[in-house]
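What follows is each chain in one-letter form.
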Amino acid sequence: MQGWIWLFPLIGSFAGFVLYRRGIAVTKSIQAISFVFLPGRGADKAILDTCTGWVRHIGRFGESRTYTFFLDDHLLRGSAEVLLLDGKKQPLLKLNRQSPAGRVDLNRKNRYFLRWEWKGATGRCALHWERK
């Protein structure tokens, strides 16, 4: 039994890697009283209380098309910003309260990242996208 103990961390690391690559797991650096983040296939949602920090996850886009992104910012205070990054983590699109919508051409074979950034944010916000 003791000879198998080394296998558990290896399996756990592999499972975490698979979840991250599939866009299910996220990386984050957050300071908040309360924080709920729900990534999805057609939208991301966040409920925050006094949140400062960032969250990044892989964006999954099933078709090579033009996508339109909408940031619904219902924050009571603070700010939210969403960046769409390419595989080299270079920004393709930046959304915030002043610029809540944007359009970009995406290729299904490429990898993309969605990075949320909050500064003293309290309230709700969501990012929706649709294919054109």
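Further up the page is the structure itself.
What you see is a predicted model; the values in this text were computed from it and never measured.

Scoring rules and cut-offs
- Residues numbered from 1 in each chain as written.
- Predicted model: local features only at pLDDT ≥ 70, side-chain atom pairs only at ≥ 80, totals over all residues.
- Heavy atoms only, no water.
- Core = buried A, V, L, I, M, F, W, Y, C linked by side-chain atoms within 4.5 Å.
- Buried < 20%, exposed > 50% of the residue type's maximum accessible area, 1.4 Å probe, protein only.
- Helix = DSSP H or I, 4+ residues; strand = E, 2+ residues; numbered from the N terminus.
- Patch = residues over 30% accessible without salt bridge, like charges linked within 9 Å, V, L, I, M, F, W, Y side chains within 5 Å.
- Areas by Shrake-Rupley, 256 points an atom, 1.4 Å probe, with all protein chains shown as cover.
- Salt bridge = Lys/Arg side-chain N within 4 Å of Asp/Glu carboxyl O.
- Lys, Arg positive; Asp, Glu negative; His and termini not counted.
- Charge placed at Lys NZ, Arg CZ, Asp CG, Glu CD.

1. Structural notes on the nonpolar core
Step number 1: Grouped together as the largest cluster of nonpolar side chains are 25 residues, with contacts concentrated most on Phe69, Leu84, Trp116 and Trp118.
Step number 2: Here the element with the most residues in this core is strand β7 (residues 112-131); it accounts for eight residues.

2. Overview of a positive patch on the surface
Step number 1: A cluster of basic residues, Arg41, Arg60, Lys89 and Arg111, forms a positive patch at the surface.
Step number 2: Among the structural elements, Arg111 can be located in the loop between β6 (101-106) and β7.
Step number 3: Its relative accessible area of 35% is what places Arg111 among the partly exposed residues.

3. With respect to a nonpolar patch on the surface
Step number 1: Nonpolar side chains collect at one region of the surface, where Val36, Leu38 and Ile47 lie side by side and expose about 230 Å² of accessible area between them.
Step number 2: One can find Leu38 in strand β2 (residues 34-38).
Step number 3: By relative accessible area, Leu38 is classed as partly exposed at 46%.

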